[in-house]
Amino acid sequence: MKKTVTRLADGRDLIYYDSRDDAVRDAVDRRPLGPVATTSEIRQDALLGDAVAIASHRQGRTYHPPADECPLCPSREGRLSEIPDSAYDVAVFENRFPSLAGDSGRCEVVCFTSDHDASFADLTEEQAALVLDAWTDRTAELAELPQVEQVFPFENRGAEIGVTLGHPHGQIYAYPFVTPRSALMLRNVERHRAETGRNLFEDVVERESGSGRVVLDGEHWVAFVPYAAHWPYEVHLYPRRRVTDLRGLDDAQRAEFPRLYLELLKRFDRIFGEGEPRTPYIAAWHQAPFRAPGREDFALHLELFTIRRTSGKLKFLAGSESGMSVFINDVPPEAAAERLREVASE
């Protein structure tokens, strides 16, 4: 992998990740951009203890532009974008409309490919491995920022999810606090350690590996529908050797990940049968907070789920889910796992 760091016209960072060591990235952003102005602030919910980002400047962000005006495509003659070069492998840049900025953290956009009409599932294993390298490198660099407590790489795909740009991309949020989800996991891990002397994540992976909910079973990774899945189709992908974040993956784990993850994404697109639009999903990397007590007991894992519950129908977060955080799942996890095995690639 070759990494090239440059800047956009308004001073934001832009990083190219290339599979070829001889790639040259010297294109200059010629857009007449003014400085980025953000209003991001973090407020604390007194009753729940949750941190909430208030970011009113995001109301003006780009919203469903036509394909020939996509800001994530390479720059072409007569049309300048966020990527000054005419082609790229993987590109990462600071979001111009960030939810978190300055002392309140940082937001980055990860462009998986310059092909506007592709999806992550269409990438080759080599391309997917390069994205993994980019996620890992960004985690390492963002971990060095004093205001950052946790790094969250994720992908939203599909208009149903709320994606405003159709180009294949994800984001990275660098939070200035430990997220509520991770804090809850860490509390349960600590309690499990005190009660059993064992690691909760390792016990979960061992239990699920012997269940009928396994979807993909590799030498170094295992993917399963969890026993208490929140979403109709939800899969968790764990490295068998526990690591706290992406930086801890070894060469064997990195080599196997692209094949398994691409197969998982292709199966998601086949869940609801031929002729259906591509399945909307969220893919979320859970990594250990950097300075939280008990981080050494955390386990890196990827959570992949869709909000579509059956053909043409979505799972809405209604009263119980939105009001009380109690999920009601219409699809038994065992049935979801069986379906995901049925649609395996031949």
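Please refer to the structure placed before this passage.
What you see is a predicted model, and the numbers here were worked out from it, not measured in a lab.

1. Examining the overall build of the chain
Scanning the chain from N- to C-terminus turns up six helices and 15 strands. Relative to its length of 346 residues, the chain is compact, with a C-alpha radius of gyration of 20 Å against a globular reference of 20 Å. Total accessible area on the chain is roughly 16,300 Å²; 49% of this is exposed by carbon and sulfur atoms.

2. Comments concerning the state of the cysteines
All told, the structure shown has zero disulfides when counted by the stated rule. Looking at Cys73, it has no disulfide partner, and the nearest cysteine sulfur is the one in Cys70, 3.8 Å off. Residue Cys73 is classed as buried on the basis of its relative accessible area of 9%. Here Cys111 is not disulfide-linked; the sulfur of Cys70 is the nearest cysteine sulfur, at 7.8 Å.

3. Side note on the pairing of strand E6 (residues 106-111)
Moving residue by residue along a regular strand, the side chains alternate between the two faces of the sheet. Here E6 lies mainly inside the structure; six of its six residues are buried. Here E6 shows no split at all, with Arg106, Glu108 and Val110 on one side and Cys107, Val109 and Cys111 on the other all buried. Where strand E5 (residues 90-94) lies against E6, four bridges are found, and the strand directions are antiparallel. By the bridge assignment for E6, Phe93 is matched with Val109.

4. Details of helix H1 (residues 125-142)
Under the 1.5 Å per step criterion, the end-to-end length of H1 is 26 Å for 18 residues, consistent within 8% with the ideal 26 Å. Within the sequence span of H1, burial applies to Ala128, Leu130, Val131, Leu132, Ala134, Trp135, Thr136, Asp137, Arg138, Thr139 and Leu142.

5. Thoughts on the packing of H1 against helix H4 (residues 251-270)
For any two helices packed against each other, one specifies the inter-axial angle together with the distance between the axes. Between H1 and H4, whose axes approach to 9 Å, the crossing angle comes to 115°. As H1 runs across H4, the sense of the crossing is right-handed. Of the residues in H4, those in contact with Glu125, Ala128, Ala129, Leu132, Asp133, Trp135 and Thr136 of H1 are Arg254, Phe257, Pro258, Arg259 and Leu262. Here the residues of the contact of H1 with H4 are counted per class, giving seven nonpolar, one polar and four charged.

6. Some remarks on the pattern of salt bridges
Overall, the coordinates contain 39 salt bridges when judged by the stated rule. Notably, a salt bridge pairs Arg7 with Asp13, separated by 2.8 Å at the nearest N-O pair. On the accessibility criterion, Arg7 (54% relative accessible area) is exposed. With relative accessibility at 16%, the residue Asp13 sits in the buried group. Measuring nitrogen to oxygen at the nearest pair gives 2.8 Å for the salt bridge that ties Glu82 to Arg12. Taken together, the residues span a long stretch of sequence, with Glu82 in the loop between strand E4 (51-54) and E5 and Arg12 in the loop between strand E1 (2-7) and strand E2 (13-18) at a distance of 70 residues. As far as the burial class goes, Glu82 and Arg12 line up, both buried. Shared partners join several salt bridges into a network, and the residues in it are Lys3, Arg7, Asp13, Glu94, Arg106, Glu108, Asp137, Arg138 and Glu141.

7. As for the sheet that holds E6
Spatial strand order, E1-E2-E5-E6-E8-E7-E12-E13-E11-E10-E9: eleven strands in an open sheet with antiparallel pairing. The sheet is open, and its two edges are formed by E1 and strand E9 (214-217), each paired on a single side. This sheet shows a mean twist of 20° between the axes of neighbouring strands, independent of strand direction. In this structure, strand E11 (residues 233-239) lies alongside strand E13 (residues 301-306), joined through five bridges in antiparallel fashion. By the bridge assignment for E13, Val235 is matched with Leu304. Together, E9, strand E10 (221-224), E11 and E13 form the strand contacts of helix H3 (residues 200-209), whose direction differs from that of E10 by roughly 70°.

8. Focus: the pairing of E5
Taken across its five residues, E5 has five buried, putting it largely inside the fold. With burial as the criterion, each face of E5 is covered, one bearing Val90, Val92 and Glu94 and the other bearing Ala91 and Phe93. Examined bridge by bridge, E2 and E5 share four bridges and lie antiparallel to one another. Its bridge partner being in E5, Leu14 is matched across the sheet by Phe93.

9. Side note on the environment of Gly158
Relative to the helices and strands, Gly158 resides in the loop between strand E7 (150-157) and strand E8 (169-175). Between the alpha carbons of Gly158 and Thr306 there is a distance of 9.8 Å; along the sequence they are 148 residues apart. Once you skip the residues sitting within four places of it in the chain, Gly158 turns out to touch Val163 and Pro280.

10. So, the environment of Asn188
Looking at the secondary structure, you find Asn188 in helix H2 (residues 180-196). Residue class for Asn188 comes out partly exposed when judged on its relative accessible area of 28%.

11. Quick look at the nonpolar core
Among the nonpolar cores identified, the biggest contains 53 residues, and Phe120, Trp135 and Trp285 are the most heavily contacted of them. Residues in contact with Phe120, not counting those within four places in the same chain, are Phe112, Ala128, Val131, Trp135, Glu155, Tyr261, Leu262, Leu265 and Tyr281.

12. Brief notes about the packing of H2 against H3
Taken N-terminus to C-terminus, the directions of H2 and H3 make an angle of 90°; their axes are 8 Å apart at the nearest point. Between H2 and H3, the crossing angle belongs to the class labelled roughly perpendicular. Across from Met185, Asn188, Val189 and His192 in H2, the residues of H3 making contact are Leu200, Phe201 and Asp203.

About the cut-offs
- Residues numbered from 1 in each chain as written.
- Predicted model: local features only at pLDDT ≥ 70, side-chain atom pairs only at ≥ 80, totals over all residues.
- Heavy atoms only, no water.
- Helix = DSSP H or I, 4+ residues; strand = E, 2+ residues; numbered from the N terminus.
- Rg over C-alpha atoms; globule rule 2.2 N^0.38 Å.
- Areas by Shrake-Rupley, 256 points an atom, 1.4 Å probe, with all protein chains shown as cover.
- Disulfide = S-S within 2.5 Å.
- Buried < 20%, exposed > 50% of the residue type's maximum accessible area, 1.4 Å probe, protein only.
- Pairing = 2+ DSSP bridges.
- Expected span 1.5 Å × (residues − 1).
- Axes fitted to C-alpha atoms, helices over the stretch in contact; angles between N-to-C directions.
- Left-handed = near helix turned anticlockwise from the far one by under 90°.
- Contact = heavy atoms within 4.5 Å.
- Nonpolar A, V, L, I, M, F, W, Y, C, P; charged D, E, K, R; others polar.
- Salt bridge = Lys/Arg side-chain N within 4 Å of Asp/Glu carboxyl O.
- Core = buried A, V, L, I, M, F, W, Y, C linked by side-chain atoms within 4.5 Å.
- Parallel < 35°, antiparallel > 145°, perpendicular 65-115°, else oblique.

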